[in-house]
Amino acid sequence: MEGHLLMSDKELKRRGAFEMVSQGAWSLVDAASHLRLSYRQCRRSYKRYVAEGDAGLVHKSRGRQSNRAKDSQLRQAVLQRYDQRYEGFGPTLAAEKLQEEGYEVDHETLRRWLIREGKWQRHRKRSPYRKRRERREHFGELVQMDGSEHQWFGPDHPAGCLINMIDDATGRKKSLMAEAETTEACMRALWAWVNQYGMPKALYTDKKNVFITDREPTIEEQLAGEEPKTAFGKACAKLGIEIIAANSPQAKGRVERTHGVDQDRLVKELKLRAVVTIAGANKLLSSGYETRMNNKLAVPARSDKDYHRRVPKGLKLAHVFCFEEERTVSNDWVVSYHNRLLQISSDNQTLPKAGRKVTVQRLLDGTLRLLYKGEALRYRELATEERRPVTKIPRPAPKAVATRVVTRPAPDHPWRTPWPHTGSRQATATG
């Protein structure tokens, strides 16, 4: 019999094993072990190979139409109807619509028909590979921080933002309700965490401009070799807290998942107690809600060592969580800050010279502090003076320029007479 016989890898492997058996190199027991078949199945397959040769190893259903195959007329009618009305539809939706019209066809069958006709292309959505990250080993080693904007008080009230902080090792959390995820709100949330647990080693945040900035460094920062920092970043640097920016929400999934829990449970708690204000929400959080959630969801850390550090003695957190700006001292020792005039007192031990830079700190309660070389300066705020309207002095009108009379010399004017002869001029010059 001439022609080619198509065989699968499994059938070719069986053919090689049975050749070893026919040559006497292997027994059927050896072939069954090599092919991972039972002895009886191996014997039946070898019997067909001896009787029919390679064709005895090929599956008998190969090349034959399936008994469950759809009729060719139905296939043609379905494809024609698809072209007429459902072109561009996915196989699943198209199969549902076709069944409504009386065409009984499964979506996978329709998918194969469309692919074979070139009318549909497989769309494989492969999610990016993400390796599961284990929890940190120590409490305070890494604290995730993020804000969740939601209609916490119901659809009839303005939305708020819940600032959540959750420890990566234990799942212990602390929250603060605010109007938005602002720098001040994040400072107050971290301040509350430090007061309760201490200073964590690192914070895991997103890349919002509250936490990190992409601005170019100033000349002063370049000379000092410092990276540009936000006001929140400066506060963390003072406390020795590292800020780690996540590249995706999934990276800080622990705090992202707790948002969903709060959007379910906290909303119901606020509704049960008829709380519709931010102050009321913060009172509810601190009066038992956080404790109940921590008792329910927090787990022990793998290590007993706590990575939180105590606040150094003499360091006031109010002077850490603040906004800082530099200002130049004027010739009369006045510093201008947002339309406010601050007169530096002359009794300061270290008095900055005119033209020097001082640091103005605005605390979260609105208080202002002046710092020069790390020392606080005494000052008093000058009363805002009413600006007098600047009267423009009218410039005098330019004097009228007299018309210049051009006079021409008369024809017999000495200027018009020719010079004396050269000899006479020489005689005059020598004489």
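Up top you'll find the structure we're talking about.
Colleague: I'm lost on the sheet that holds strand S1 (residues 143-150) in this one. Help?
Modeller: Read across the sheet, five strands follow the order S3-S2-S1-S4-S5 without closing on themselves; strand pairing throughout is mixed. The open sheet terminates on both sides in strands that have one partner only, identified here as strand S3 (173-178) and strand S5 (242-245). Strand-to-strand twist across the sheet, computed as the mean angle between neighbouring axes with direction ignored, equals 25°. Across six bridges, the pairing between strand S2 (residues 160-167) and S3 is antiparallel. Opposite Ile166, over in S3, you have Lys173 as the bridge partner.

Colleague: What should I look at first to understand the side chain of His259 in this one?
Modeller: Position of His259 relative to the elements: it lies in helix H10 (residues 253-272). Classification of His259 as buried rests on a relative accessible area of 6%. Polar contacts involving the side chain of His259 include one to the side chain of Asn164, which spans 3.1 Å. Residue contacts for His259: discarding those within four places in its chain leaves Asp146, Gly147, Ser148, Leu162 and Asn164.

Colleague: Even after reading the chapter, I still don't get the pairing of S1, so can you show me in this structure?
Modeller: On a regular strand, one side chain projects to one face of the sheet and the next to the other, so that they alternate. Within S1, six of the eight residues are buried, which leaves the element mostly enclosed by the surrounding structure. Examined bridge by bridge, S1 and S2 share eight bridges and lie antiparallel to one another. Counted as the bridge partner of Asp146 is Asn164 from S2. Sheet analysis places S1 next to strand S4 (residues 202-205), joined by two bridges and oriented parallel. Along S4, the bridge assignment pairs Gln144 with Tyr204.

Colleague: Looking at this structure, I do not really get a positive patch on the surface. What am I missing?
Modeller: Side chains of Arg40, Arg43, Arg44, Lys47 and Arg48 sit close together on the surface and give a patch of like positive charge. Of note, Lys47 is situated in helix H3 (residues 39-52).

Colleague: I keep staring at the nonpolar core and nothing clicks. Help me out?
Modeller: Across soluble globular proteins, nonpolar side chains show a tendency to be buried alongside one another. Formed by 30 residues in total, the largest nonpolar core has its most connected members in Met145, Met165, Leu190, Leu203, Phe232 and Phe321. Counting residues per element, the ones that place at least two in this core are S1, S2, S3, helix H7 (183-196) and helix H9 (231-239). Looking at which element gives the most residues to this core, the answer is H7, with seven residues. Here Phe321 is in contact with Met187, Leu190, Trp191, Ala235, Leu239 and Leu364, once residues within four sequence places are set aside. If you look at the next biggest cluster of nonpolar residues, it comprises 14 residues, including Ala17, Leu28, Ala31 and Ala32.

What counts as what
Throughout, a residue's number is its position along its own chain's written sequence, starting from 1. In keeping with the model being predicted, local features are shown solely for residues with a pLDDT of at least 70 and side-chain atom pairs are shown and tallied solely at 80 or more, while totals for entire chains, interfaces and linings include all residues. The side-chain figures draw on all heavy atoms in the structure; neither hydrogens nor water molecules are used. When DSSP finds at least two bridges between two strands, those strands are taken to pair. Strands here mean DSSP runs of E at least two residues long; helices mean DSSP runs of H or I at least four residues long; both are numbered from the N terminus. Convention adopted: a line fitted to C-alpha atoms gives each axis, helices being fitted over their contacting stretch, and angles between N-to-C directions are expressed from 0 to 180 degrees. Throughout, exposure labels follow a simple rule: accessible area from a 1.4 Å probe, protein chains only, divided by the maximum for the residue type, with under 20% read as buried, over 50% as exposed, and the rest as partly exposed. Definition of a polar contact: a pair of N or O atoms within 3.5 Å, with one able to donate and the other able to accept a hydrogen when the atoms are protein atoms, and with sequence-neighbouring residues admitted only if both atoms are side-chain atoms. In this description, contact between two residues means that some pair of their heavy atoms is separated by no more than 4.5 Å. Residues enter a patch when their relative accessible area is above 30% and they make no salt bridge; the linking distance is 9 Å between like charges and 5 Å between nonpolar side chains (Val, Leu, Ile, Met, Phe, Trp, Tyr). A 1.4 Å probe and the Shrake-Rupley method give the accessible areas. Residues count as covered only by the protein chains that appear here. The term salt bridge refers to a pairing of a side-chain nitrogen on Lys or Arg with a carboxyl oxygen on Asp or Glu at a separation within 4 Å. Within this scheme the basic residues Lys and Arg register as positive and the acidic residues Asp and Glu register as negative, but His and the chain ends are omitted. To locate a charge, the coordinates of NZ of Lys, CZ of Arg, CG of Asp or CD of Glu are taken. Among buried residues, the Ala, Val, Leu, Ile, Met, Phe, Trp, Tyr and Cys ones that are joined through side-chain atoms within 4.5 Å form a nonpolar core.

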